[in-house]
Amino acid sequence: MMTAQDIDPIDLEVLRSRLETVGEQACRAVEQTAISPTVTESKDYSVTLLDAGGGLIIGSGTVIYHYGAAVHAVRSTLARYGAAIRPGDVFLANDPHNGGGLHPQDVMVHQPIFLEGRLIAWVGVSAHLIDMGGMVVGSFAPSASECYQEAFRVPSVRLFREGEEVTDVWDLLRTNVRMSELVEMDLRGLVAGAHFAGARIIDVVEQTGVDMFLRGLTAIRDRTEAEFRRRIEQLADGVYRATSWTEFQQEFFKIPCTLTVAGDTLTFDFEGASPQTRYFFNSKPYIVAAELLVMVSNVLAQDLPFNDGIFTPVTIRCPEGSILNCRPPAPIGAAHMHASLNAAGVGLEALMLALAASPESPHHGYLEGASWDSALGMQLWAWTTPDGHQDAYMSFDSLWAGSSGGLERDGNDLGRNTVGPPVEGQYPDIEVLESWYPLLFLERRLRGGADGAGAHRAGSGNQFSFRPHGIDKLHGVTFGMRRWLPLQGMAGGRPGACNEFIIHRADGGSKMIDVSTSGEYVGENDWYEMRLACGGGFGDPLDRDLALVERDVRTGRIDTAIAREAYGVVPGDLAATTALRETMRRERLAKASAPAKPLSRSDVLVSGEALPLYPGVVQRGNVAVAEASGAPLAVAPDHWTAGCAVLDERRWGQDGPDVIYRTWLDPESGRALGVEALVAGEESGFLVAPKRWTEGAARTRTLEQA
Amino acid sequence: MSRTIDPIDLEVLRSRLESIGDQACRAVEQTAISPTVTESKDYSVTLLDASGDVIIGSGPVTVHYGAAAHTVRWAIQRYGEAIRPGDVFMANDPHNGGGLHPQDVMVSQPIYIDGRLVAWVGVSAHMMDMGGMTIGSFSPEATECYQECLRMPPVRLFRAGEEMTDVWDLIRTNIRMAQLVEMDLRGLVAGAHFMAERLGDVVHQTGLETFIESLAAIRELSERELRRRISRIADGTYRSVSWVEHRDRFYKIPCTLTVEGSQLTFDFEGASAQTTHFFNSKPFIVESELVMLFANLIAPDLPFNAGIFAPITIRCPPGSILDARPPAPISASHMHASFNAAGTAMETVMMALAASPEAERHRYLHGATWESALANQLWSWTTPSGEQDAYVVLDGMWVGGSAGAARDGADLGRNTVGAHVEGSFPDIEVLETWYPLLFLERSARDSTGGAGAQRAGGGNRMAFRPHGIEAMYGTCFGMRRWLPLQGFAGGKPGACNQFLIHRADGGVESLDMISAGARVGAEDWFEMRLGSGGGYGDPLDRDPAKVELDVRQGRFDAKVAREAYGVVLTDPTATERVRGEMRLARLARARPAAKRLSREALKIAGEPQPLFPGVVQYGAVAVAEISGAPLAHSPDAWTEGCPVLVEPLWGEHGPEVIYRTWLDPETGRALHVEAVLGDDPDRFVAAPKRWAEAGA
């Protein structure tokens, strides 16, 4: 009998490409049958092909986080219905507590594909529906305290049963959602996409034969897994930890992630995450996995097919009853956003720490600050049309936070990833939005500013404004993140900007509103502005190339005051700049507190090859050394920050919560080696402990004892 | 084809159907598990014919029967030919074929005999939760129906006998306390199955054709007799006005009854537009409630079936609070507005009966019905094991009854005639066993309102506290905090409802009738003081001996005896004097009559015919019956000659509710008292045709 390895690799790639094409065509089918701009313009949808057991084959469409949710939905349906699944069945699920999609509005339509009576594959099609009922229009309910309030939650049920429409289920849907005609059309678009993909897969299988098809899927998957494992092996074994907090107004919920790299496996453990809350952003492990795996794959495997083989080497642990693995009645309306994206982002920060310590990895060059996904500034605005109907606009422009600076480059503007595809949706066209919605758009541009400064600075977030146009009022629901705790940079770069939502009143007054709230309104003569966040910088801003700072001033990103205060730059004057920067570094040391364990050059014998421990910090033998100055920082197994002077600065003063920027300084030069954004009273949240560092210490001790 | 069916056979059949309805009720009670069903008996079983007409209703919640007819008709329209033996439908959305309100789910099942659809059964009960933004699914804070609960148009729980797991899964997912609710729901299905089976037994004995013809005959008998009784009510126009409250805002509900031959038309033209509050309603709900109240009075002895509905037309303006459209919230669709409408309509019926000496129920006159003063609440808590649980306080229904022409009002929400409308008293011991609550008191409240020659009954006063839990949280959905029920014929309006939280530190907080989120801690206690209906006749005409009895029994004290009744205890002479002074004082304070008539200017002759209690018509002249004072000339309203006493009820402490008393211009006797909003000139009308035409 032939094994997977016997398949001609060209045939395999032809099969893979054909399936990718089927997925893309199904996407077109969805786009051409759905009607709301959320789907047709913002492209908030996906098509996922899965094997008979629910393993991911190929995902298509822009919302790549959906692919893992499709896996979860299909596996839940298999568990619920088992042998009762029949050709012609079409399932729908949206409840994260019960086999649902990424969040309740991202409904997951999924259909088994049978050939000659045999279940050979599944297709999952998901899109954001503008409303799924519940206490707030649009179904994001920041004021909900339990899941029963939020939306019509659908466990896996049949929209069609053996080809026959289950009218009861459709009637229930139509009754319980707002704008039901629109939602139904979009939902039928998803069903059309599923039917289309199913028919095309059958075409493919009829040509390849079932056996070849199934073995081909296994082979593609196995090859992906093998190559992914090879790349993981290039990462330095060890333990890496990063921490962030999810906000609700001024309350913070801790999300720490400990990454263990061991051979060809990665384990992301969220032990210590806050207990589930009464807020709408509780989440589920499969959602964290769906998001984190995409981010990990963007860095390590953007050239590999994204399929089940990417999932296998990665283990994700979310403590039961925590904000990342909640139980009913915990509300879950934003299950895909605040907590889960924060978790995925923190997981990625841990991976960055591992990459920084892994010079062998070809992906070492992709080092960057925190991912922009956990700074989304989402919102939905609703109104009553002149003929008395309700309508709503989900502002996808609020996805476009600026990205963090990286090792070799500045961050990107407006939410673009440097590697990998963009994660969610696309820029909707303003003309289309204005023709669809009674809104007048005033501005869409880069926000600019001092935040996210670094040797490589962050990109800029979207600054966007609009007003009602032909209606008397807009009612807003905001469900954004990071009003108070910004994204972190890396390697001494400053944290980014926070999100700001502002209502400008007709009388000239203005009002900053919470990023998670409901019940705000924008009147006929008012206007609304959002200023989106950005990621952090990379490297000490005082090391930024003078010419780059001058260019930023010329292009209007920053003014000369910021050039001076954030970057120590006097434009056009290299000598003054050098002197100013030196003064600023000295001032930092003067303001800083002493290292936990001061170490002087005379205390240690520094020898051996320099191995990277963190950007700007190298390991030489059992000593961590600041790379630029040569100052010794710590002796293994102490953390390398033990010998750094510590500068704590309050971010908000009297106007906000106690958020601290903690800068770890080179004790000799005053260069910023690392900057954290922390909730006051919390310990430092990051840990860099490659095995060769921690075990180097053990070996040294063994030698001493000998 | 029409055969003559032996009336004995007919009555035997009807009794058998009634009996299987009662048995189906037992089946529900013995399979459902929540005290709402098993103790408070908040359920019903309705048997309907193939087209959805009511044949017989069973179970305590008689206002469900009309809702069952609505649901079955909706299911027939939606599913038509696709309806199959073994189908079981469920609906709860008043906007889409649902039950009386979303928690009163209606399970309905077509009954096939020998392959032919011959009947339907509808089984309804109050489910503890149907999801939505507030536990228990009454959402005082909701502004649209999408927020309130899982709303179901008629969908199939079973299809040709097979369980629709998809629908059950959706229900289980979207409601709180799903295991409890599912058990109750399956109890309703059991009741429906039971009914279907027993009906098959009956039909197989009578034969299908005879059965169907008999149903028509039973219905026909009810209708014919009801029409005969309506014919004895004086043709004419009768109007009453009331308002529904949401905190201190009021929504008007006027009703104009036209009696014409054997036909009654209740027209709610002028009702407020639909609101963003949860008590918007639907015509079928107004009908279910109004027809039941009407039948209780006029036809308690007749079988209640579609024949009772036939002579009655109900008009609710589209888009009004009584005929709301989505997205209007409707989770209390069976309470505030609809009960107010039904109650206001019954006030018009009372006026018609008062003018109809021929009518059987001419002597059953009384003030406003207590249903529109319900003051229910729901309390929820977290059990020590972390589960959510809740208690619907059906004791909030036991308002004092209005007084009648021949009797004082009944205590604690009992009707004087007719079947009881909703539920029964839950046993305190059972409640305490089931819920972590300690009950401190349940008693008839002091009669602080509803004074009259016949006084109103006392409302329920009940108090309880958390017991073994740390706090309970309340959702209140009561009525009439500010605008009381009216009495009749000069009796005073009733008492209003009050909800009080007594804090451990001795403080007392008053709760809104409609509110969510109140907290009663482990050391606090909650007290409800229910309101009452109004009195009947001028309180100054109450027999002093009865007043003394009331004082002895502790219904009120000597001060109330003096101030409300003009009675000086044990001193008939002083009483006579005080009463005389009080009547004169009224006249002194009153605004003058619109058109003062003097005895000299009028010729009063002929037979007196009743126009209103205490007011008679002599030809074209209305006369105060006791004093003989002329009041008005046809076609003017009889009140034209009455001085009007306007008294604000709340002063600075509440909204502008006034008592408007129409006085005998000579004696100062109160002929009628209205409770109205201060700035609204709308008022009652009692205009039998013979009066309106007498002047011509």
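Residues numbered from 1 in each chain as written. Chains lettered and ligands numbered in written order. Predicted model: local features only at pLDDT ≥ 70, side-chain atom pairs only at ≥ 80, totals over all residues. Heavy atoms only, no water.

Participant: Looking at this model, I keep getting lost on the pairing of strand 8 (residues 236-246) of chain B. Mind explaining?
Facilitator: Across a regular strand the side chains alternate sides, sitting on one face of the sheet and then on the other. Residues and elements named next belong to chain B. Across the 11 residues that make up strand 8, a large majority, 10, are buried. Pairing of strand 8 with strand 9 (residues 249-260) involves 11 bridges; the strand directions are antiparallel. Of the residues in strand 9, the one forming a bridge with H246 is R249. As consecutive antiparallel partners, strand 8 and strand 9 are separated by two residues, and within that stretch R247 has a phi angle of approximately 55°, a positive value. (Buried < 20%, exposed > 50% of the residue type's maximum accessible area, 1.4 Å probe, protein only. Helix = DSSP H or I, 4+ residues; strand = E, 2+ residues; numbered from the N terminus. Pairing = 2+ DSSP bridges.)

Participant: What exactly am I supposed to notice about helix 11 (residues 546-554) of chain A here?
Facilitator: An α-helix turns once every 3.6 residues. As a result, residues three or four positions apart point the same way. Residue and element names in this part refer to chain A. Taken residue by residue, helix 11 has L546, V549 and D552 as its buried positions. Along the long axis of helix 11, the arc covered by the buried residues comes to 120°, so they all point the same way. Looking at the buried side of helix 11, the elements it contacts are helix 12 (560-567) and helix 13 (574-591). The backbone nitrogen of A547 has a side-chain oxygen 2.9 Å away, supplied by the residue at the start of helix 11, namely D545. (Arc of directions from axis to C-beta. Contact = heavy atoms within 4.5 Å. Polar contact = N/O pair within 3.5 Å; in protein donor to acceptor, adjacent residues only side chain to side chain.)

Participant: Can you walk me through the sheet that holds strand 13 (residues 388-392) of chain B in this structure?
Facilitator: All names here are of chain B. Read from one edge to the other, the open sheet built from four strands follows the order 13-12-16-19, with strand pairing classed as antiparallel. Bordering the open sheet on either side are strand 13 and strand 19 (514-521), each of which pairs with just one other strand. Here the strands of the sheet are splayed against their neighbours by 20° on average, with no regard to which way each runs. As paired elements, strand 16 (residues 471-478) and strand 19 share seven bridges and run antiparallel to each other. Bridging from a neighbouring strand, T475 pairs with A516 of strand 19. (Axes fitted to C-alpha atoms, helices over the stretch in contact; angles between N-to-C directions.)

Participant: Even after reading the chapter, I still don't get the interface of chain A and chain B, so can you show me in this structure?
Facilitator: One frequent convention defines the size of an interface as the accessible area lost when the parts assemble. The interface is formed by 32 residues belonging to chain A together with 32 residues belonging to chain B. The interface formed by chain A and chain B contains eight salt bridges. Here R161 of chain A makes a salt bridge to E162 of chain B, at a shortest N to O gap of 2.6 Å. For the side of chain A that touches chain B, the secondary-structure elements that each account for two or more residues are helix 3 (66-81), strand 6 (157-161) and helix 4 (167-176) of chain A. Of the residues in the side of chain A that touches chain B, the class split is 12 nonpolar, nine polar and 11 charged. (Salt bridge = Lys/Arg side-chain N within 4 Å of Asp/Glu carboxyl O. Nonpolar A, V, L, I, M, F, W, Y, C, P; charged D, E, K, R; others polar.)

Participant: I would appreciate a short explanation of the sheet that holds strand 20 (residues 527-531) of chain A in the present structure.
Facilitator: The strands making up a sheet associate through hydrogen bonds between their backbones, and the pairing can be parallel or antiparallel. Residues and elements named next belong to chain A. Taking strand neighbours across the sheet as the criterion, the five strands line up as 14-15-20-17-18 in an open arrangement whose pairing is antiparallel. Each having just a single partner strand, strand 14 (439-446) and strand 18 (510-513) make up the two edges of the open sheet. Going across the sheet, the axis of each strand differs from the next one's by a mean of 20°, ignoring polarity. With five bridges joining them, strand 17 (residues 500-504) and strand 20 adopt antiparallel strand pairing. Bridge pairing links I503 to Y528 in strand 20.

Participant: Is there a simple way to explain unusual backbone geometry in this structure?
Facilitator: Only a minority of non-glycine residues have a phi that is not negative, and only a minority of peptide bonds are not trans. Cis geometry is adopted by the peptide bond preceding P637 of chain A, which originates at A636 of chain A and carries an omega value of 5°. Structurally, P637 of chain A can be placed in the loop between strand 24 (632-635) and strand 25 (645-650). In this chain, P326 of chain B is followed by P327 of chain B through a cis amide linkage whose omega measures 10°. Note on placement: P327 of chain B falls in the loop between strand 11 (312-315) and helix 9 (336-354). For E116 of chain A, which is not glycine, the phi dihedral falls at a positive 50°. For E116 of chain A, the position within the fold is in the loop between strand 4 (106-115) and strand 5 (118-128). Look at R482 of chain A: it is not a glycine, yet its phi comes out positive at around 60°.

Participant: Where do I start with the packing of aromatic side chains in this structure?
Facilitator: Each aromatic ring pair is described using two quantities: the centre-to-centre distance and the angle formed by the ring planes. Applying the stated criterion to the full structure yields 54 aromatic pairs over all chains. Judged by centre distance (4.9 Å) and plane angle (55°), the ring pair of Y81 of chain A and F91 of chain A falls under tilted. Placement of Y81 of chain A in helix 3 and of F91 of chain A in strand 3 (residues 90-93) is noted, with a sequence separation of 10 residues between them. Here the two residues Y81 of chain A and F91 of chain A agree in accessibility, since each one is buried. Centroid distance Y251 of chain B to F279 of chain B: 6.0 Å. Interplanar angle 65°. Geometry classified as edge-to-face. Taken together, the positions of Y251 of chain B in strand 9 and F279 of chain B in the loop between strand 10 (263-267) and helix 7 (283-298) put the pair 28 residues apart, joining distant regions of the chain. The same class applies to Y251 of chain B and to F279 of chain B, which are both buried. Through pairs of rings, three or more aromatic residues link up here, namely W381, W383, Y393, W436, Y437, F441, F464, F466, F501 and Y528 of chain A. Over the aromatic face of Y521 of chain A sits the side chain of R505 of chain A, whose NZ or CZ is 4.5 Å from the ring centroid. (Phe/Tyr/Trp six-rings, centres within 6.5 Å; stacked < 30°, edge-to-face > 60°. Lys NZ or Arg CZ within 6 Å of the ring centre and 35° of its normal.)

Participant: Help me understand the layout of surface pockets in this model?
Facilitator: Where empty space is left in the structure can be found by rolling a water-sized probe over the atoms. Residues and elements named next belong to chain B. Roughly 710 Å³ of volume is contained in the second largest pocket. Lining the second largest pocket are 37 residues, and of these T448, A451, K492, E563 and A564 lie nearest its centre. Counting only elements with at least two residues in the lining of the second largest pocket, the list comes to helix 12 (558-565), helix 13 (572-589), strand 25 (644-648), strand 26 (657-663) and strand 27 (670-677). For the lining of the second largest pocket, the element with the most residues is helix 13, which contributes five residues. Classifying every residue of the lining of the second largest pocket by side-chain character gives 19 nonpolar, eight polar and 10 charged. (1 Å grid on protein atoms, 1.4 Å probe; cavity = no way out; pocket = protein on both sides within 12 Å on 5 of 7 lines; lining within 4 Å. Points joined across faces, edges and corners; volume = space filled by probe spheres on them.)

Participant: Looking at this model, I keep getting lost on the pattern of salt bridges. Mind explaining?
Facilitator: Two side chains that carry opposite charge are able to pair once their charged atoms sit near each other. Here the structure, examined in full by the defined rule, presents 104 salt bridges over all chains. Between R231 of chain A and E227 of chain A there is a salt bridge; the shortest N-O distance is 2.7 Å. Of this pair, R231 of chain A and E227 of chain A both sit in helix 6 (residues 210-233), separated by four residues, roughly a single helical turn. Taking the relative accessible area as the measure of exposure, R231 of chain A reaches 8% and is therefore buried. Here R151 of chain B makes a salt bridge to D93 of chain B, at a shortest N to O gap of 2.9 Å.

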